[in-house]
Amino acid sequence: MNVIWRTLLTIWRAKVLLRRGGRIDPVSIGRVRLRTMPTDLDLLGHMNNGRYASLFDLGRFDLLIRTGIWDVLNAKGWYAVVASETITFRKSLELWQRFTVESRLLGHDDRSVYMMHRAVVGGEVYAEMIVRARFLRRTGGIVPHDELFEALHRPDDLPPLAPWISEWAAGSALPSTRVAAPSVWG
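Residues numbered from 1 in each chain as written. Predicted model: local features only at pLDDT ≥ 70, side-chain atom pairs only at ≥ 80, totals over all residues. Heavy atoms only, no water.

### With respect to the overall build of the chain
Which entries qualify depends on this criterion: Each helix is a run of H or I in the DSSP string that is no shorter than four residues. Each strand is a run of E no shorter than two, and both are numbered from the N terminus. Throughout, radius of gyration means the C-alpha value; the globule benchmark is 2.2 Å times the number of residues raised to the power 0.38. All accessible-area figures derive from a Shrake-Rupley calculation using a 1.4 Å probe, and residue coverage is judged against the displayed protein chains alone. Residues scored as positive are Lys and Arg, those scored as negative are Asp and Glu, and His as well as the terminal groups of each chain are ignored. Note that the charge is assigned to NZ on lysines, CZ on arginines, CG on aspartates and CD on glutamates.
A count of helical and extended segments in the chain gives five helices and five strands. Scaling as 2.2 N^0.38, a compact globule of 186 residues should have a C-alpha radius of gyration of about 16 Å, and the chain matches this with 17 Å. In terms of overall dimensions, the chain has a C-alpha envelope of 55 × 45 × 30 Å along the principal axes. As displayed, the chain offers around 10,900 Å² of accessible surface, 57% of which is attributable to carbon and sulfur atoms. Considering the chain, the positive charge centre built from 25 side chains and the negative charge centre built from 19 side chains are found 6 Å apart.

Put into structure tokens, the structure is as follows:
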């Protein structure tokens with residue numbers, strides 16, 4: 001709940017930037033400047049590992065709004081859900097430290113869209129997260145990419161995925177919700 005104010009501020013800021021500057025290209029790098037707050041810390045005094053994902057959501061909101069994707073999703077009754085994500089840490093963010101969340105669309109496969117988020121200080125990457133997301137209909141079902149690009153009034157010109165991303169997606173996938181997935185430890 002304590003990220004809600006930063007979320008609302010990020011959404012407001014992104015909408016202002018969209019109104020003032022127009023849509024940005026979907027392959028643009030979105031940037032949101034933040035500061036590590038006391039509520040972000042763990043018992044060791046640095047940013048809690050779970051907080052990174054919440055703050056990277058701010059970068060996702062910013063990019064979706066500023067590219068115009070957000071408005072299309074809302075008008076169509078579509079929404080995005082995270083299917084998987086992996087984060088890697090290099091350095092700790094400390095109390096009151098300024099950093100930038102950088103976000104970028106990487107591409108897509110037949111079912112999912114992939115994004116990269118980074119926590120950056122002075123041009124240096126402190127943490128990086130890859131996200132695999134799907135666009136769903138509120139009425140049920142997955143939104144096909146051709147329908148998504150048609151609704152955005154733009155061609156599917158996202159770059160092809162790097163092979164390691166496809167390997168990561170396959171290696172981290174869980175079984176479909178249509179089949180059993182018992183918790184058995186081997």
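Read on for the rest.
### Observations concerning the sheet that holds strand S1 (residues 30-35)
Neighbouring strands of a sheet are bound in pairs by backbone hydrogen bonds; such pairs are parallel or else antiparallel. Our working rule: Between any two strands, pairing holds if DSSP finds at least two bridges. Think of each axis as a best-fit line through the C-alpha atoms, taken over the contacting stretch in the case of a helix, with angles from 0 to 180 degrees between the N-to-C directions. Here a residue-residue contact requires only that any non-hydrogen atoms of the pair lie within 4.5 Å.
Strand order in this open sheet of five strands is S1-S3-S4-S5-S2, and the pairing throughout is antiparallel. Each edge of the open sheet is held by one strand with a lone partner, namely S1 and strand S2 (78-89). Geometrically, the sheet is characterised by an average inter-axis angle of 25 degrees between neighbouring strands, direction not taken into account. Along the sheet face, helix H5 (residues 163-172) touches S2, strand S3 (98-108), strand S4 (113-121) and strand S5 (124-137) and points at about 65 degrees away from the line of S5.

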